[in-house]
Amino acid sequence: MKRLAWNGLDASAREAALARPVQARTADLREGVQRIIAEVRRQGDEALLRFTATYDRCGLDRLEVAPAEFDEAEAVLDPALKAAIREAAGRIEAFHRVAAPQPVAVETAPGVRVERVLRPVARVGLYVPAGSAPLPSTALMLGVPARIAGCAEVVLCSPARADGRCDPAVLYAARVVGVHRVFKLGGAQAIAAMAYGTASVPRCDKLFGPGNAWVTEAKLQVSTDPQGAAIDMPAGPSEVLVVADAQAEPAFVAADLLSQAEHGPDSQVLLVSPSAGLIDAVAAEVERQCAALPRAGIAREALAHSRLIEVDSLEQALQVSNRYAPEHLILQVAEPRAWLARVESAGSVFLGAWTPESVGDYASGSNHVLPTYGYARSHSGVSVASFQKQISVQELSPAGLRAIGPCTATLAAAEQLEAHRRAVTLRLAALDERAEVSAA
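Described below are features of the structure shown in this document.

So, about the overall build of the protein. Per the secondary structure count, the protein includes 17 helices and 14 strands. Principal-axis analysis of the C-alpha atoms places the extent of the protein at approximately 95 × 60 × 45 Å. Counting over 440 residues, the protein shows a buried share of 49%. Long-range pairs, those at least 24 residues apart, make up 75% of the contacts in the protein between residues at least 6 apart in sequence. Positive and negative charge centroids in the protein, built from 43 and 50 side chains respectively, lie 4 Å apart.

What follows is the structure, given as structure tokens:
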């Protein structure tokens, strides 16, 4: 990991210090995804089966997971893993149910009632990767809020293994959270199928979930097509920023950095600390712990574009963090909650030495589908609200229109929208006439 002294850097060097690994939307990537999407739209299931044979190296006679396959998956799973999946699902539900948006109604003036009502997105598509390792936790993170939101149909796509089956843990998690239909599909072709629909795969209104560069590019392309589908958020590689003081445990900090570095070679991890001694100790711990990891090669590639940044104070460390806007922010400092108010941009925050980022990935109850690549400046992680539409409602009595009609008419006139003004003044005149008739 490259070591830097923040106050010794000029403006351009600071920008470079916080730069992410380049996500190049190369012409080859864009054109390759465009070709896949076009073929899926034109040839439907035929294209999906062909791409599955090419990219997943398995021949399928049907795309949808059959009911018997769910039963078989449940039968082969270790009981401890099944218990852990159910336990995690319960905590995710406990948090998301309490945090879900609620309907509201308020009288903004006498006789003027304004409401917000909630409606689920009707059909949603969930993507669960299964590249170097299956991710049943992602099925939980997406399926639980979709169920709480009340989505009428929840579709899940996950790549098939060479034996033509989906990972059993993913299937079990999908069953636990109530996913309605699962398809053996991965890559850009899965995104295309859910966005536009085929004979087998239903067309979805909104797509969720992480993926590789091809999946991400496909999500971006379908989200800009009026005939495509909305998406949860822009995405990039996994990342973590740890703010630590001199009292932090170096082994804990190193473990947290490596937990994100092992995700992939384009992941990025940063340590920001005012303690030179802590930085030295963490650097040594990273080397020691990395050597023992099964995914050490991947982690080392990520560490090559990661940073150890020395600052003057914790105040400055939080300034650096807000500028970076990390997906995950860990505050391993003496009084972490006291610094929470200084956090302006982060996907998810982990307070104190006993809160590893891993618990947020799996079992604390928060969601691990989070904005990366600096999008935490403007986006939030997935929640029940992501699966809902918030619709405003207003209802006026005659007294209510009298109360706010003149204000409305004045503003409409200022914007030279005469029809807007008259829609109000005609009604006010009608009320005046009725009042005169009643008085006569």
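Moving on from the coordinates now.
Counting 40 residues, the largest nonpolar core has Val124, Leu126, Leu140, Leu156, Val179, Val182 and Phe387 as its most contacted members. Elements that contribute at least two residues to this core include exactly helix H4 (67-76), helix H5 (79-99), strand S4 (123-127), helix H6 (136-149), strand S5 (153-158) and helix H7 (168-177). With eight residues, H6 is the largest single contributor of residues to this core. When near neighbours in sequence (up to four residues on either side) are disregarded, Val179 contacts Leu126, Val154, Leu156 and Ala174. The next biggest cluster of nonpolar side chains, apart from the first, holds 33 residues, and it includes Ile36, Phe51, Ala160 and Ile191.

Before going further, it helps to examine the packing of aromatic side chains. Following the criterion strictly, the structure yields three aromatic pairs and no others. With centroids separated by 5.9 Å and ring planes inclined at 20 degrees, the aromatic side chains of Phe51 and Tyr55 adopt a geometry described as stacked. Highlighted residues: Phe51 and Tyr55, both in helix H3 (residues 45-55), separated by four residues, approximately one helical turn. Taking the relative accessible area as the measure of exposure, Phe51 reaches 4% and is therefore buried. Assessed through its relative accessible area of 38%, Tyr55 is described here as partly exposed.

The next subject is helix H17 (residues 418-439). Its 22 residues give H17 an end-to-end C-alpha distance of 31 Å, which sits within 8% of 32 Å, the value for a rise of 1.5 Å per residue. Every buried residue of H17 is accounted for by Val424, Leu428 and Leu431. Seen end-on, H17 carries its buried residues on one side only, within an arc spanning 55 degrees. Away from its buried face, by an angle of more than 90 degrees, H17 presents the exposed residues Ala419, Leu426, Glu433, Glu436 and Val437. Buried residues along H17 sit against helix H16 (398-414).

It is a general feature of regular strands that their side chains alternate between the two faces of the sheet. For strand S1 (residues 2-5) and strand S11 (residues 307-310), the ladder comprises four bridges, and the chain directions are parallel. Pairing of Leu4 across the sheet is with Ile309, part of S11. Relative to S11, strand S10 (residues 268-273) is paired through four bridges, and the arrangement is parallel. Looking across to S11, one finds that Leu270 is bridged to Arg307.

What follows is about the pairing of strand S2 (residues 104-109). As paired elements, S2 and strand S3 (residues 112-120) share five bridges and run antiparallel to each other. Bridging across to S3, Val106 finds its partner in Val114. Count of turn residues in the S2/S3 antiparallel hairpin: two residues, of which Gly111 carries a positive phi of about 85 degrees.

Relative to each other, helix H2 (residues 27-43) and helix H9 (residues 213-223) sit at 70 degrees, their axes nearing to 9 Å. The orientation of H2 relative to H9 falls into the category roughly perpendicular. Handedness of the crossing formed by H2 with H9: right-handed. Residues Leu29, Arg30, Gly32, Val33, Gln34, Ile36 and Ile37 of H2 form the contact with H9, whose own contacting residues are Ala213, Trp214, Glu217, Ala218, Gln221 and Val222.

Examined against the element boundaries, Val182 turns out to sit in strand S6 (residues 181-184). On the accessibility criterion, Val182 (1% relative accessible area) is buried. Spatially, the C-alpha atom of Val182 lies 7.9 Å from that of Leu171, the residues being eleven residues apart in sequence. For Val182, the residues in contact, after removing those within four places along its chain, are Leu63, Glu64, Val65, Phe70, Leu156, Leu171 and Ala174.

An order of S6-S5-S4-S7-S8 is seen for the five strands of this open sheet, with the pairing classed as parallel. Strand pairing shows two members of the sheet lacking a second neighbour, S6 and strand S8 (230-231), which therefore form its edges.

With that settled, consider the environment of Val121. In this structure, Val121 sits in the loop between S3 and S4. We classify Val121 as buried; its relative accessible area is 8%. For the pair Val121 and Ala149, spaced 28 residues apart in sequence, the C-alpha to C-alpha distance is 8.1 Å. Dropping the residues within four chain positions of it, Val121 is found in contact with Cys151, Ala152, Asp205, Lys206, Phe387, Gln388 and Lys389.

So, about the sheet that holds S3. Pairing is antiparallel across the open sheet formed by three strands, whose spatial order is S2-S3-S14. Looking along the sheet, the strands with just one partner apiece sit at the ends: S2 and strand S14 (388-396). For this sheet, the mean angle separating the axes of adjacent strands, direction not counted, is 25 degrees. Seen against the sheet, H16 touches S2, S3 and S14 and runs at an angle of roughly 95 degrees to S14.

Glancing now at the packing of H6 against H7. It is at 9 Å that the axes of H6 and H7 come closest, and there the two elements cross at 15 degrees. Classified by the angle between their axes, H6 and H7 sit roughly parallel to one another. Regarding H6 and H7, the two cross each other, and that crossing is right-handed. Between H6 and H7, the contacting residues are Pro136, Ala139, Leu140, Gly143, Val144 and Arg147 on the first element and Ala169, Val170, Ala173, Ala174, Val176 and Val177 on the second. In terms of residue class, the contact of H6 with H7 is built from ten nonpolar, one polar and one charged.

About the criteria used
- Residues numbered from 1 in each chain as written.
- Predicted model: local features only at pLDDT ≥ 70, side-chain atom pairs only at ≥ 80, totals over all residues.
- Heavy atoms only, no water.
- Helix = DSSP H or I, 4+ residues; strand = E, 2+ residues; numbered from the N terminus.
- Buried < 20%, exposed > 50% of the residue type's maximum accessible area, 1.4 Å probe, protein only.
- Contact = heavy atoms within 4.5 Å.
- Lys, Arg positive; Asp, Glu negative; His and termini not counted.
- Charge placed at Lys NZ, Arg CZ, Asp CG, Glu CD.
- Core = buried A, V, L, I, M, F, W, Y, C linked by side-chain atoms within 4.5 Å.
- Phe/Tyr/Trp six-rings, centres within 6.5 Å; stacked < 30°, edge-to-face > 60°.
- Expected span 1.5 Å × (residues − 1).
- Arc of directions from axis to C-beta.
- Pairing = 2+ DSSP bridges.
- Axes fitted to C-alpha atoms, helices over the stretch in contact; angles between N-to-C directions.
- Parallel < 35°, antiparallel > 145°, perpendicular 65-115°, else oblique.
- Left-handed = near helix turned anticlockwise from the far one by under 90°.
- Nonpolar A, V, L, I, M, F, W, Y, C, P; charged D, E, K, R; others polar.

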